[in-house]
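Residue-level listing of the chains:
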Amino acid sequence: MTSLIDVIFMLLLFFIIASNFIRPAMDVTLPESQSADVQTSSGKDVCVITVTREGTILCNNMVVPLENVAALIRENSGRTLNLFVDQ
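Residues numbered from 1 in each chain as written. Predicted model: local features only at pLDDT ≥ 70, side-chain atom pairs only at ≥ 80, totals over all residues. Heavy atoms only, no water.

**Student:** Any chance you could break down the pattern of salt bridges for me, citing the residues and the numbers?
**Tutor:** Tallied over the full model, the rule gives one salt bridge. Across the pair R53 and D86 runs a salt bridge, and its minimum N-O distance is 3.8 Å. A residue pair is termed long-range when its members are at least 10 positions apart, and R53 in the loop between β1 (46-51) and β2 (57-59) and D86 in the segment after β4 (80-85) qualify at 33 residues. Take D86: its relative accessible area is 13%, and that puts it in the buried class. (Salt bridge = Lys/Arg side-chain N within 4 Å of Asp/Glu carboxyl O. Helix = DSSP H or I, 4+ residues; strand = E, 2+ residues; numbered from the N terminus. Buried < 20%, exposed > 50% of the residue type's maximum accessible area, 1.4 Å probe, protein only.)

See below:
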């Protein structure tokens, strides 16, 4: 019985620690959604674009100049784009 408790405790620790890595890298205040229909996807086919309050544009946590955004979107046309914009 004690070995089962040890395994459950280790799994609990693993999920607590792993959940800290899911948070976005930038602190962005997102606006509230008016609809409940949210599509999410995960994996390598996702490109995350973040726009900070200061206007800095990041693609997968790498800074992208404003003039390169159109080319970036064209390059990732087959991927899912997640856009996070600060209020």
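**Student:** Lay out the pairing of β1 with the relevant residues and their values.
**Tutor:** Examined bridge by bridge, β1 and β4 share six bridges and lie parallel to one another. Residue pairing across strands places I49 opposite L83, the latter belonging to β4. In the sheet, β1 pairs with β2 via three bridges, with the strands oriented antiparallel. For I49, the partnering residue across the bridge sits in β2 and is C59. Hairpin remark: β1 followed by β2, antiparallel, with five residues in the connecting loop; positive phi at G55, about 95°. (Pairing = 2+ DSSP bridges.)

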